[in-house]
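# Structure at a glance
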Amino acid sequence: MKKNRCSRPRASNRDVLSLSPAGVAVLLAVVAAHARADSAALPPANARPDAAAPTGEARALASREPAAPESATVRFNARFLSGSAAAQLDISRFDRGNLVAAGTYHADLYVNQTWIGTTDITLREVNGPGTAAQPLFDRALLTRIGVDFTKLGDAARARLDTAKAALLPELIPGASAVFDMGEQRLDVSVPQASMNRTARGWIDPKFWDDGVPAALVQYSGNVYRANGNGVSNTQGYLGVNAGVNLGPWRFRYGGNLTGATNAGVRGQSIQSNAQRSIARLKSQFTLGDTYTDGSVFDSFGLRGVQIGTDDRMVPESQRGYAPTVRGIANTNARVQVTQRGNLIYETTVAPGPFEIDDLYATGYGGDLQVTVTEADGSRHTSLLPYAAPVNALREGRWRYSVAAGQYRNATGSNTPFVLQGNVQHGLNRFMTLYGGTIVSSGYGAVAAGVALDTPVGAFGFDVTQANTSLPNVPSRGGQSLRVSYSRSFAPLRTDVTLAAYRYSTQGFLSFADAMTLRDAATAGNVSALTGRQKGRLLLTVNQSLRDYGSMYLSGSTQIYWNRSSRDTSFQAGYNTSIRRVGVNVSVSRELDSSTARWGTRFMMSLSVPLSLGARHANSVTSFTRDSRDGSSQLQSSFTGAAGANHRLNYGVTTGRQWRGAQTDDSVNANLGFLSSAAQMQLNAGRANGYTQVGGGLSGSIVAYGGGVVVSPQSGDTFAVIEADAAAGANVSSAPGVRIDRHGHALIAGLQPYALNQVGIDMKGLPIGLRLKTTEQRFAPTAGSVVRVQFDTEDRGPVMLVRIRRPDGQPVPFGAEVLNPQGDVVGTVGQGSRALVYGRTGGDEWTVKWGEGAGGRCRMRVEWPAASKARSRAIAAFAEASCR
């Protein structure tokens, strides 16, 4: 290294190193590069022992292969550094960048920015010793990343047959592969033309994780006590969902305990079953208590066996209904699909016919505009009508369900054996056919229907024939016809989400109604025949008013064969905002179940966000008028959140109700806290004539091979995080969840069969603790408990040491501090100071800034006794002299 001519010795030894302004950026780059080199200097902990030495086959391959492009060599200009310490600073070790050592690494695999899974990656020095190792690709790895072998050239296939593995650019022109040592991640870029076509969001079932054997309990309990008119009443509830996981099997039990003053305690078993997924069939198999599929017939409970399609196993881009877009491109063209002016899909296609069948379902739909832009700039556009028919599937998709067992009758004693089967098939992009059958003792039904997507909207038609045999009364038979419609009217911004009408003849009975009627007929209670539905109309409409808010209307009306009255309920409203104030006006017709009276309720509310420093608060004032009892009510609520990550939430509501000349005042308060173990709620209220207090607790507990973990969350699918020595760290992807003192955390409610990401926030952890990665990705199966391990390294307590050479001169900037084992534990920075990590004192450490005896010295540092334990900050300051 050349001596810096511009450096000027200074009289004071305390003046270690000065920088010209232009050198600041270079020094930052040097320090960053050195920090990464710290981890790259040695193979990672999970590298195989023999990984550093290429096999004879790999050496032969390297000699035959053309050299891969070498990373650009960077040379730092030492003239940017000035001061007495710069003269002896050796920065040549940074010229080669962050070289990756040869070996086999277990890493995350990304293809075209999409996570594929984790796999073993083999890296070899294909350009000779001292160069960065490059990833090699064999047939297995190419298959995993989704390469279409039929599109490989003859030379590439021959290379795989003879050499077994090669660099990716030598197999696929335009492809690249970059391994990130720090993140343990391989990023692969492959032209779309060389890939097998898969739907967006698709995760190969081989990467679905069934989790580890575990026992779990989810609980929810509350207590409510009210005092009024001299009477006190206390009620309690505890609901439990418990289970055991063994491989792909999920054993579950659900039940509850309820109790009240003078009523004792009552237990109820809701359901118990065993369930597992069948990946090849994209189905769930259930043995025990279950509910039938409700897509064709009304759902009901049974105890037996069921197998049926699980839509969660299908990529999200292929769930629900969306049309298949087809067209023809003359060149390598860009295809854009827009809906209501929003770009919802874009891709590049090769010349010739193309097909897009992985559009995400968009609710009730809206016409799609397909624009094809050719390489020469020419564009052609087509319009594809799109609405979402009831029971519609994408073209070519099948959906089925078969269930058999004993009917679970919650209100009667009639529990016959029943068999139900449903099937749906997307015949083409316009039509879906569906049907089903129910067979039971004294009952039989068959249904058939069609769903159509037309330019004037989406229609569904189906008819059901049912026959019921009844004891002591004549048998019945009849039909039920249903027609449904949905449509988005783009110019008017009107969405008819659902308009459906069902008509049933006098003899038609659903299965549940038939079982109730059989119970009544057996008991001789013919009056139970009341309330049989004749017709029912459903309507849901949403209307956008652009900048002036939106309106909605949803409702239903029902008429009966043997009842003169009609049941009609609806909700209609208008929402808008005036600056920051939200305005809502609504009217609804509801049934009061305690008095069996229908009434109309009108409500208007104003919502005002409040800025109280860092707190999140909101104020809502509402006025309600109820026609059932002629009452009016004015309420004002104040809600907010406080604390770290807003774990504390609170609310206070005051109100006044008028009923004729009588007025009632009330005040209610609630408080919630999200701890790392459970969610807690407290509430209290007071009004004329009564007082009330209550509280609740909910959460999850999982026991597995690594211990017992708790969480405030509840859900079907879990992940247990293991991060040794990271106690207290927040799980960034799960609010309220923290690493416990055993290094564990539990996350609930994960999305099964899809990519889930969890991360750890290192803020506040010991300086000496290092994670190899702070994020993990995985795809759990439904109900699983997945074990997610974060590799941590505890480098011990931290000390800031000022180092002097024997002559009192400072140690050069950028010098490395090595412990007795030869590991780099610190770097000398400004002022000849180094932040070093260690476990024990009294050992000799080496300070190295160049080659040879003149480029290093030794020092001894004594650690204060109090700093031998791990600390979240700098443990101590010390002075040390080299010799």
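Residues numbered from 1 in each chain as written. Predicted model: local features only at pLDDT ≥ 70, side-chain atom pairs only at ≥ 80, totals over all residues. Heavy atoms only, no water.

### Here's the deal with the packing of aromatic side chains
- This model, assessed by the stated rule, comprises 12 aromatic pairs.
- Ring centres 5.2 Å apart and planes at 40 degrees place the aromatic pair Tyr105 and Phe179 in the tilted group. With Tyr105 in strand β3 (residues 103-111) and Phe179 in strand β6 (residues 176-180), this pair connects stretches of sequence that are 74 residues apart. When sorted by exposure, Tyr105 lands in the same class as Phe179, which is buried.
- Taking the centre distance of 5.4 Å and the plane angle of 70 degrees together, the rings of Tyr443 and Phe511 count as edge-to-face. Here Tyr443, found in strand β24 (residues 443-454), pairs with Phe511, found in helix α6 (residues 511-522); they are 68 residues apart in sequence, far enough to count as distant.
- Members of the aromatic cluster, joined through ring pairs, are Phe300, Tyr407, Tyr443 and Phe511.
- A cation over an aromatic ring shows up here: Lys534 above the ring of Trp561, its NZ or CZ 4.5 Å from the ring centre. (Phe/Tyr/Trp six-rings, centres within 6.5 Å; stacked < 30°, edge-to-face > 60°. Helix = DSSP H or I, 4+ residues; strand = E, 2+ residues; numbered from the N terminus. Buried < 20%, exposed > 50% of the residue type's maximum accessible area, 1.4 Å probe, protein only. Lys NZ or Arg CZ within 6 Å of the ring centre and 35° of its normal.)

### Some points on unusual backbone geometry
- Phi angles above zero are rare outside glycine, and Arg546 is one such case at about 55 degrees.
- Of note in this structure, Tyr753 is not a glycine but carries a positive phi near 60 degrees.
- Tracing the sequence through the fold places Tyr753 in the loop between β42 (744-748) and β43 (756-761).
- Accessibility expressed as a relative area gives 4% for Tyr753, which makes it buried.

### Regarding a nonpolar patch on the surface
- A cluster of nonpolar side chains, namely Phe602, Met604, Phe623, Leu634 and Trp658, defines an oily patch on the protein surface of about 410 Å² accessible area.
- Within the secondary structure layout, Phe623 lies in strand β33 (residues 615-626). (Patch = residues over 30% accessible without salt bridge, like charges linked within 9 Å, V, L, I, M, F, W, Y side chains within 5 Å. Areas by Shrake-Rupley, 256 points an atom, 1.4 Å probe, with all protein chains shown as cover. Salt bridge = Lys/Arg side-chain N within 4 Å of Asp/Glu carboxyl O.)

### Things to note about the sheet that holds strand β5 (residues 134-135)
- Pairing is mixed in the open sheet, where 5 strands are placed in the order β5-β4-β3-β7-β6. Two strands lie at the open edges of the sheet, namely β5 and β6, each paired on one side alone.
- Direction of pairing for β3 relative to strand β4 (residues 114-124): antiparallel, over a ladder of 9 bridges. By the bridge assignment, His106 is partnered in β4 with Asp120. (Pairing = 2+ DSSP bridges.)

### Examining the state of the cysteines
- Counted under the stated rule, the structure contains 1 disulfide.
- The disulfide bridge from Cys857 ends at Cys882, spanning 2.2 Å between sulfur atoms. With the S-S bond torsion at 50 degrees, the cross-link from Cys857 to Cys882 turns out right-handed. Note that Cys857 is positioned in strand β53 (residues 856-860) and Cys882 in the segment after β54 (876-881), a separation of 25 residues in sequence. The exposure classification of Cys857 matches that of Cys882, with both residues buried. (Disulfide = S-S within 2.5 Å.)

### Overview of the confidence of the model for the protein chain
- Of all residues in the protein chain, 80% attain a pLDDT of 70 or more, and the chain-wide mean is 78.
- With pLDDT under 50 throughout, residues 1-72 is counted as low confidence; its partners more than four residues away or in other chains account for 113 contacts.
- Low pLDDT, under 50, characterises residues 866-873; the predicted model gives this stretch 17 contacts beyond four residues in sequence or across chains. (pLDDT = per-residue confidence, 0-100. Contact = heavy atoms within 4.5 Å.)

### Details of the pairing of strand β9 (residues 214-228)
- The sheet contact formed by β9 and strand β10 (residues 231-246) spans 15 bridges and is antiparallel. Counterpart to Val217 in the pairing with β10 is Ala242.
- Hairpin connection from β9 to β10: 2 residues lie between these consecutive antiparallel strands, with Asn229 at a positive phi of about 55 degrees.

### Brief notes about the environment of Arg883
- You can see Arg883 is positioned in the segment after β54.
- Look at Arg883 and you get exposed, because its relative accessible area is 60%.
- Measuring from C-alpha to C-alpha, the distance between Arg883 and Arg856 comes to 9.1 Å, with 27 residues separating the pair along the chain.
- Apart from residues lying up to four places away in sequence, Arg883 is in contact with Pro806, Glu844, Cys857 and Arg858.

### Brief notes about the environment of Gly699
- Relative to the elements of secondary structure, Gly699 occurs in strand β38 (residues 690-704).
- Owing to a relative accessible area of 0%, Gly699 belongs among the buried residues under this scheme.
- Residues Gly699 and Pro712, spaced 13 residues apart in sequence, show a C-alpha to C-alpha distance of 4.3 Å.
- Not counting residues within four places of it along the chain, the set of residues in contact with Gly699 comprises Val217, Gln218, Tyr219, Ser711, Pro712, Gln713 and Ser714.

### Description of the nonpolar core
- With 39 residues, the main nonpolar core has Phe137, Ile145, Leu168 and Val188 as its most contacted residues.
- Where this core is concerned, the elements lending two or more residues are β3, β4, α3 (139-145), α4 (154-163), α5 (168-171), β6 and β7 (185-189).
- If you tally residues by element for this core, the top one is β3, at 5 residues.
- With residues up to four places along the chain from it excluded, the contact list for Val188 reads Leu109, Tyr110, Val111, Asn112, Phe137, Ile145, Leu168, Ser176 and Ala177. (Core = buried A, V, L, I, M, F, W, Y, C linked by side-chain atoms within 4.5 Å.)

### Focus on the pattern of salt bridges
- Throughout the structure, instances matching the rule amount to 13 salt bridges.
- Among the ionic pairs, Asp311 bridges to Arg399, the shortest N-O distance being 3.1 Å. Taken as a pair, Asp311 in the loop between β14 (301-309) and β15 (325-329) and Arg399 in strand β21 (residues 398-407) lie far apart in primary sequence, 88 residues in all.
- Note on Arg399: relative accessible area 15%, which makes it buried.
- Salt bridges sharing partners connect three or more residues here, namely Asp293, Asp311, Arg397 and Arg399.

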